[in-house]
Amino acid sequence: MAHVLDADQLKTFVAIADTGSFTRAAEIVFKTQSAVSMQMKRLEERVGRPLFGRDGRHAKLTEDGERLLDYARRIVRLNLECVASFADADLKGRIRLGVPDDYADRYLPEILARFARSNPRAEVTVVCEPTPMLAERIATGDIDLAIITHVESRGQGEIIRIEPLLWVTSARHGVHEEDPLPLALGRPNCNWRQAAVDALENKGRRFRVLYASWNSTAVGAAVVAGLAVSVLPESAVRPGMRILGPGEGFATLPSCKIGLLRTRFDPSVLSNALAEHIIQSLDNLASFKTAAE
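Since the model is a prediction, treat every value here as computed from it, not as a measurement.

What follows covers the packing of aromatic side chains. Under the defined criterion, the tally for this structure stands at 5 aromatic pairs. Judged by centre distance (5.8 Å) and plane angle (65 degrees), the rings of Phe13 and Phe52 are edge-to-face. Taken together, the positions of Phe13 in helix H1 (residues 7-19) and Phe52 in the loop between helix H3 (33-47) and helix H4 (63-87) put the pair 39 residues apart, joining distant regions of the chain. Like Phe13, the residue Phe52 is buried in the burial classification. Both rings, one in Tyr103 and one in Trp192, keep their centres 6.2 Å apart while their planes meet at 65 degrees; by these two values the pair is edge-to-face. Taken together, the residues span a long stretch of sequence, with Tyr103 in helix H5 (residues 101-118) and Trp192 in helix H7 (residues 191-203) at a distance of 89 residues. On the basis of relative accessibility, which here comes to 11%, the residue Trp192 falls in the buried class. Connected via pairs of aromatic rings, a cluster forms that spans Phe13, Phe22 and Phe52.

Structurally, Leu253 is set in the loop between strand E8 (241-244) and strand E9 (255-262). Owing to a relative accessible area of 10%, Leu253 belongs among the buried residues under this scheme.

So, about the nonpolar core. Counting 41 residues, the largest nonpolar core has Ile147, Trp167 and Ile278 as its most contacted members. Taken together, the elements giving at least two residues each to this core come down to strand E1 (93-98), H5, strand E3 (145-149), strand E4 (158-170), strand E5 (181-185), H7, E9 and helix H9 (269-283). With 7 residues, H9 is the single largest residue contributor to this core. Those residues within four positions of Ile278 in sequence are excluded, and the remaining contacts are Leu97, Ile111, Leu145, Ile147, Ile160 and Leu260. Within the second largest apolar cluster, 23 residues are counted, among which are Ile28, Leu43, Ala59 and Leu68.

The tally for this structure, following the rule as stated, stands at 1 cavity of 30 Å³ or more. By volume, the largest cavity is sized at about 90 Å³. Residue lining of the largest cavity: 12 residues in total, with Asp18, Thr19, Ile28, Arg161 and Ile162 positioned closest to the centre. For the lining of the largest cavity, the elements supplying multiple residues, two or more each, are H1, helix H2 (22-29), E4 and H9. The class makeup of the residues in the lining of the largest cavity is 4 nonpolar, 2 polar and 6 charged.

Of note, Thr169 is situated in strand E4. With residues near it in sequence (within four places) discarded, Thr169 still touches Val175, His176, Val223, Val229, Gly240, Met241, Arg242 and Leu244.

Attention now moves to the packing of H1 against H2. The geometry of H1 relative to H2 is characterised by a closest axis approach of 8 Å and an angle of 130 degrees between their N-to-C directions. Considered as vectors, H1 and H2 are oriented oblique to each other. Crossing of H1 against H2: the hand is right-handed. Contacts from Thr12, Ala15, Ile16 and Thr19 of H1 reach H2 at Phe22, Arg24, Ala25, Ile28 and Val29. When grouped by side-chain class, the residues that make up the contact of H1 with H2 number 6 nonpolar, 2 polar and 1 charged.

Here the focus is H1. Along its 13 residues, H1 runs 18 Å from first to last C-alpha, staying within 8% of the 18 Å computed at 1.5 Å per residue. The element H1 is largely enclosed, with a buried count of 10 among its 13 residues. Among all positions of H1, only Gln9, Leu10, Thr12, Phe13, Val14, Ala15, Ile16, Ala17, Asp18 and Thr19 are buried. Capping the start of H1 is the job of one residue whose side-chain oxygen sits 2.9 Å from the backbone nitrogen of Asp8: Asp6. Two residues or fewer after H1 comes Gly20, characterised by a positive phi angle close to 75 degrees.

Rules and cut-offs
- Residues numbered from 1 in each chain as written.
- Predicted model: local features only at pLDDT ≥ 70, side-chain atom pairs only at ≥ 80, totals over all residues.
- Heavy atoms only, no water.
- Phe/Tyr/Trp six-rings, centres within 6.5 Å; stacked < 30°, edge-to-face > 60°.
- Helix = DSSP H or I, 4+ residues; strand = E, 2+ residues; numbered from the N terminus.
- Buried < 20%, exposed > 50% of the residue type's maximum accessible area, 1.4 Å probe, protein only.
- Core = buried A, V, L, I, M, F, W, Y, C linked by side-chain atoms within 4.5 Å.
- Contact = heavy atoms within 4.5 Å.
- 1 Å grid on protein atoms, 1.4 Å probe; cavity = no way out; pocket = protein on both sides within 12 Å on 5 of 7 lines; lining within 4 Å.
- Points joined across faces, edges and corners; volume = space filled by probe spheres on them.
- Nonpolar A, V, L, I, M, F, W, Y, C, P; charged D, E, K, R; others polar.
- Axes fitted to C-alpha atoms, helices over the stretch in contact; angles between N-to-C directions.
- Parallel < 35°, antiparallel > 145°, perpendicular 65-115°, else oblique.
- Left-handed = near helix turned anticlockwise from the far one by under 90°.
- Expected span 1.5 Å × (residues − 1).
- Polar contact = N/O pair within 3.5 Å; in protein donor to acceptor, adjacent residues only side chain to side chain.

Structure (structure tokens):
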């Protein structure tokens, strides 16, 4: 390569690779779609190779694009860690973070590892509860930050990641062919549950909720065991599960928007630092399918 690569262009490139879409990537990096397209044109010029093939409206990587992706992830991650290490080196104190268990397994390792490296004297207290409870804790000042499922009607938080919401079944069983369809979902006020119910009712598909829980591990166990079908964001899909689509009679679901809530009670410098680490970590995180490939 004849030119130095631009870290911001690489960050956008990773977002496109993770979402499969210039439009969705633009939302994640807070740029217009035309700005994203221009960035990728400049990146291709710097690399001297085409990075995207033509696959309808999807952003499919070429072989050279796939080769660049691994380097891009490492460069973006190292750049963020370097900046954070200088910005946050002297921070100390205690910060309280709320996160639903749906997201804890997938997101917390990356967030906590990066934050601990930059802030070795900071203490993070983690509270795992469903989104409605975390929103209440934020409102009363019980926690400083919360990663939540963003709901448009409530106007909750700033959107920091967008993922497809997917139908999932066991990779080894045919429970998705049963009639009525057995389901494992969240509690009645869960938005993912409502999206699943609406989709099935619109198709006239009979169903019954066999398992209901706030705990994603319990829901996932029912799916992997071949007892029920569920809906999960892409990052929560795990080995032993298979994704169902329109070809099998399961309609496309709304996207899952992940938001960040911040306390209004005099947020600290430490709170703001952790918020930036959360945004950067989720922005740099690959989907389950990308990681598996």
